[in-house]
Structure formats: C-alpha cells, structure tokens
Amino acid sequence: MSRERKIAETFVELADTLVADFDVIDFLQQLTVRCCDIFAITDAAVLLAYPGAHLYSPAPCDPSPALSKVLDLALREGPGLDAYRTASTITPGNLAQAPQAWLDFTNLARETGYTYASAVPLRLRQETIGSLLLLRATDSPLPADDLALAQAFADAATIGLLHARSVQRTETLNEQLHTALHSRITIEQAKGFLAAYRDISLDDAFKVMRRHARHHRLLLTVVAHHIINTGDLPAPSSASSLRAPARDTSHE
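**Student:** How would you explain the overall build of the protein chain if you had to name every residue and give the values?
**Tutor:** Secondary structure summary: the protein chain contains 11 helices and five strands in total. Taking all contacts inside the protein chain whose residues are at least 6 apart in sequence as the whole, residues at least 24 apart take part in 65%. Accessible surface computed for the protein chain: about 12,300 Å², of which carbon and sulfur atoms make up 52%.

**Student:** Describe the sheet that holds strand β2 (residues 56-59), listing the residues and the values that go with them.
**Tutor:** Either a parallel or an antiparallel arrangement is found when strands of a sheet pair, and the pairing is made through backbone hydrogen bonds. Strand order in the open sheet formed by five strands is β2-β1-β5-β4-β3, with antiparallel pairing between adjacent strands. Bordering the open sheet on either side are β2 and β3 (90-94), each of which pairs with just one other strand. Across the sheet, the axes of successive neighbouring strands diverge by a mean angle of 25°, strand direction being ignored. When strand β1 (residues 43-48) meets strand β5 (residues 127-136), the two strands line up antiparallel, connected through six bridges. Note on β5: the bridge partner recorded for A45 is L133. Sheet contacts for helix α4 (residues 79-86): β1, β3, β4 (116-124) and β5; angle to β5, the most-contacted strand, approximately 155°.

**Student:** Break down the pattern of salt bridges for me, with residues and values.
**Tutor:** Applying the stated criterion across every chain, the model contains 10 salt bridges. D232 is the partner of R198 in a salt bridge, and the nearest nitrogen-oxygen pair spans 3.2 Å. With R198 in helix α8 (residues 180-198) and D232 in the loop between α10 (220-230) and α11 (236-242), this residue pair connects regions lying 34 residues apart in the sequence. When its relative accessible area of 37% is taken as the criterion, R198 is described as partly exposed. Several salt bridges converge on common partners, so that one network encompasses R5, E9, E13 and R34.

**Student:** Now, about the state of the cysteines: what can you tell me, with residues and values included?
**Tutor:** One pass over the full model with this rule turns up zero disulfides. With no disulfide of its own, C36 lies closest to C35 among cysteine sulfurs, the gap being 7.0 Å.

**Student:** I'd like a rundown of the confidence of the model for the protein chain, residues and numbers included.
**Tutor:** With 83% of its residues at a pLDDT of 70 or more, the protein chain has an overall mean of 84. Averaged pLDDT values for the elements of the protein chain fall to 54 in α11 and rise to 96 in helix α5 (residues 103-112). Across residues 244-252 the pLDDT falls below 50, and counting only partners more than four positions away or on other chains, this stretch makes five contacts in the model.

**Student:** Describe the packing of aromatic side chains, with residues and values.
**Tutor:** The relative placement of two aromatic rings is captured by the distance of their centres and the angle of their planes. Tallied over the full model, the rule gives three aromatic pairs. Measuring from ring centre to ring centre gives 5.0 Å for F11 and F153, while their planes differ by 70°; the resulting arrangement is edge-to-face. Taken as a pair, F11 in helix α1 (residues 3-15) and F153 in helix α6 (residues 144-167) lie far apart in primary sequence, 142 residues in all. For F11, a relative accessible area of 32% corresponds to the partly exposed category. Take F153: its relative accessible area is 0%, and that puts it in the buried class. Here F39 and F153 contribute two aromatic rings whose centre-to-centre distance is 5.7 Å and whose plane-to-plane angle is 35°, an arrangement assigned as tilted. Here F153 lies in helix α6 and F39 lies in helix α2 (residues 24-39), a separation of 114 residues in the sequence.

**Student:** How would you summarise α4 if you had to cite specific residues and measurements?
**Tutor:** Listed in full, the buried residues belonging to α4 are P79, G80, L81 and A83. Against the buried residues of α4 lie β1, α3 (65-74), β3, α5, β4 and β5. Downstream of α4 by one or two residues, A87 has phi in the positive range, about 55°.

**Student:** Which residues make up α5, and what are the values?
**Tutor:** Within α5 the residues assigned to the buried category are F105, T106 and A109. One face of α5 carries all of its buried residues, which in axial projection span an arc of 95°. Immediately downstream of α5, the backbone of G113 shows phi near 120°, a positive value.

**Student:** For the packing of α2 against helix α9 (residues 202-215), give the residues involved together with the corresponding values.
**Tutor:** Helix-helix packing: each pair is described by the crossing angle between the helix axes and the interaxial distance. At a minimum axis distance of 12 Å, the contact between α2 and α9 shows a crossing angle of 130°. Classed by the angle they form, the pair α2 and α9 counts as oblique. Crossing geometry of α2 relative to α9 is assigned as left-handed. Across the interface between the two elements, D26, Q29, Q30 and V33 from α2 touch F206, R210 and R214 from α9. Classifying every residue of the contact of α2 with α9 by side-chain character gives two nonpolar, two polar and three charged.

Rules used throughout
- Residues numbered from 1 in each chain as written.
- Predicted model: local features only at pLDDT ≥ 70, side-chain atom pairs only at ≥ 80, totals over all residues.
- Heavy atoms only, no water.
- Helix = DSSP H or I, 4+ residues; strand = E, 2+ residues; numbered from the N terminus.
- Contact = heavy atoms within 4.5 Å.
- Areas by Shrake-Rupley, 256 points an atom, 1.4 Å probe, with all protein chains shown as cover.
- Pairing = 2+ DSSP bridges.
- Axes fitted to C-alpha atoms, helices over the stretch in contact; angles between N-to-C directions.
- Salt bridge = Lys/Arg side-chain N within 4 Å of Asp/Glu carboxyl O.
- Buried < 20%, exposed > 50% of the residue type's maximum accessible area, 1.4 Å probe, protein only.
- Disulfide = S-S within 2.5 Å.
- pLDDT = per-residue confidence, 0-100.
- Phe/Tyr/Trp six-rings, centres within 6.5 Å; stacked < 30°, edge-to-face > 60°.
- Arc of directions from axis to C-beta.
- Parallel < 35°, antiparallel > 145°, perpendicular 65-115°, else oblique.
- Left-handed = near helix turned anticlockwise from the far one by under 90°.
- Nonpolar A, V, L, I, M, F, W, Y, C, P; charged D, E, K, R; others polar.

This is how it looks when you write it as structure tokens:
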C-alpha cells in the first residue's frame, strides 16, 4: 500500500467516531500504530489530560520495552508535557541537546536507545486535551513535513474525540476516557493470560484480542476483562451479551 493511501485511510479512521460502539482505546491505539507506520518512527504515545488536569497514557496498549521504560517519566517532563502545556509543536530534535528541564527524561530516553524526540498537541481552537509523543532511534530527526502531518493527525483525532463527546452520551465517553489508564493495565494483563493460554507471543495475543473485539463490535476492555476472568476470548455466542446496549434515540 502506498504512503499516500495510508495517509488517506488514517484521516478516514480518525473521522469515524460517530458510531454506537465507538471504542476510544482502540481509536487512540490506531493513531499510534499509523504514526509508527507512516513516519518510520520508533515509538508513538498518546498523552491525555482529559478528564482532569494530570497527563496519563492510554495508548499504545502494547508499548515496546523501550517505551514502557520512559512512558511514566514522559508524563511529568519532556516534549509531550511541553506540547500539552504550550499547545504548540515541540521540536528540540536531538536528545543530546535537549533542554535542562528534561534532564531525567532525556537521560532515561537516551539510555533506552532513543535519539530524537518531538511532540504535537491534541488541540482544537482554545482547547488542548493532551499530546502525541513521537520518538526516534535513528541518526536523523523527524522531517518537518512529517511533523506537520503528525499535527494534522493530532488535530483530526481531537476533533473526532470532542465531536463524539458532544453527540454521543457524554457520560459514556467520559467514562471511557477516565478509565483509559486502568484499561491499558488491564489489557496488558489480558495479553499475558491469552499468550500463556494459547502459547503465543504477547504481540500476537494483542493482535488476536483486537481483531476479536473489532469483529464482534466489542470494546477492547470488555474482551480483556473476559480473558482475565475466563482465560480465553468471549465465545461468539456470548459476544452479543457483552456488547453495550444500543442507544435509545426515541425521545430525540
């Protein structure tokens, strides 16, 4: 598939939030997957500050070992936090020349193998709800055109999230966002359970979970909880009973 087609498909995916079974975790996961594929970066992470004032990271649900080491610190300092606070693109580039205020993040990131870091805000007009952190382990920074495209992806994702919030039942989306961090931990546990049960890798276990959730129109967290409780995926016959009830629009 050409890069242009991947970019076009990404914008379509980021606009597709007005569905009854919208899964914010899977939505943000796909954003990080697309960024890593299209921009040839090593890792990407979504940092959210909604609801509440503190950043947390709901995606990716399957962070690499390197990203797992720096993700918690990235919530407290570094380009992701600065992009959120300033609502602007942060492009210091080479971590060897990063600001002194990022000392702990920079040291850990470089020890882990990252060489370049940048971030773009998740923003819509005057509202900023987080940032998209982009990490590279190469000998060159992310090209300016790619960084501009990453900002466009972040803008589209923010519009999709806020539009979904305004059209869907607000409490439903708020609950998904509020529990996103705990959901990532739950999904990590479920990956381990399924990998052990089926004797497959953690990466393959996550792919199986995500494919099953999408095929049966289930929230990824619902699938994860079922695996933790039973050891395996929900059977097709029981999948419909786990699905959230359809929205009642008769009064609208």
